[in-house]
Amino acid sequence: MSSRDFVVRRLMLGEGAAYRKLRFAALENAPLAFSSSPEDEAHLTDADFEARISLAEPDAVYGVFGDGELVGVATFIGDKRRKTRHKGAMFGVYVDPVWRGTGSARALVRQVIDHATERGLALHAHVIADNLPALRLYLGLGFVSYGVEPRALLVDGVFHDEHLLIYQPGG
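Residues numbered from 1 in each chain as written. Predicted model: local features only at pLDDT ≥ 70, side-chain atom pairs only at ≥ 80, totals over all residues. Heavy atoms only, no water.

Student: I'd like a rundown of the overall build of the protein, residues and numbers included.
Tutor: For the protein, the count of helices and strands is 5 helices and 7 strands. Moving toward the C terminus, one meets the helices and strands of the protein in the order β-α-α-α-β-β-β-α-β-α-β-β. Here the protein has a C-alpha radius of gyration of 16 Å; the compact-globule value for 171 residues is 16 Å, and the two agree. Along the first, second and third principal axes, the C-alpha atoms of the protein reach 40 × 35 × 35 Å. Across the 171 residues in the protein, those meeting the buried criterion constitute 42%. (Helix = DSSP H or I, 4+ residues; strand = E, 2+ residues; numbered from the N terminus. Rg over C-alpha atoms; globule rule 2.2 N^0.38 Å. Buried < 20%, exposed > 50% of the residue type's maximum accessible area, 1.4 Å probe, protein only.)

Student: Describe the pattern of salt bridges, listing the residues and the values that go with them.
Tutor: For the structure on display, the rule yields 10 salt bridges. For the salt bridge of Arg 110 with Asp 114, the shortest nitrogen-to-oxygen distance reads 3.0 Å. You can see Arg 110 and its partner Asp 114 sitting in helix α4 (residues 104-118), 4 residues apart, about one turn around the helix. What makes Arg 110 partly exposed here is its relative accessible area of 28%. Judged by its relative accessible area of 25%, Asp 114 falls in the partly exposed class. The partner of Glu 118 in a salt bridge is Arg 119, and the shortest N-O contact between them spans 3.7 Å. Overall, the relative accessible area of 34% leaves Arg 119 in the partly exposed class. One connected set of salt bridges, linked through shared partners, spans Arg 10, Glu 57, Glu 118 and Arg 119. (Salt bridge = Lys/Arg side-chain N within 4 Å of Asp/Glu carboxyl O.)

Given below as structure tokens:
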């Protein structure tokens, strides 16, 4: 594991362009990690990413910053419906390959877990079955698999299953 320094914090207004740039790198470099494709989001502007950053509580977008650059991102969205507002979802998790192995991905996901659990919210996540590093990371941080969705994604004519994961406060 590398000893490179990084900081994890909530994204702030003015960082939409960096967020957009990293998001498109993620969609290009890790097509199995996301349900969106570059074509799905091609119309989104820096202003659209600024709007994502300015989400109201409990929603939040966190980033990993290394060498002064945004190198990782994860989003938390809390359910707003009365009967399901006790839970939320983490998605859009990505760390630049150069920064993997530094502990930055672990710290980023841990920050989202803390964000959810500080609010007493269960945290849901989905991981493609073939993404063993991500699956190990999430399970190692206390997520529990509660099922597999067969054929969750269709990428280049190939179906991929997805693990359904949950992290519950206090357990």
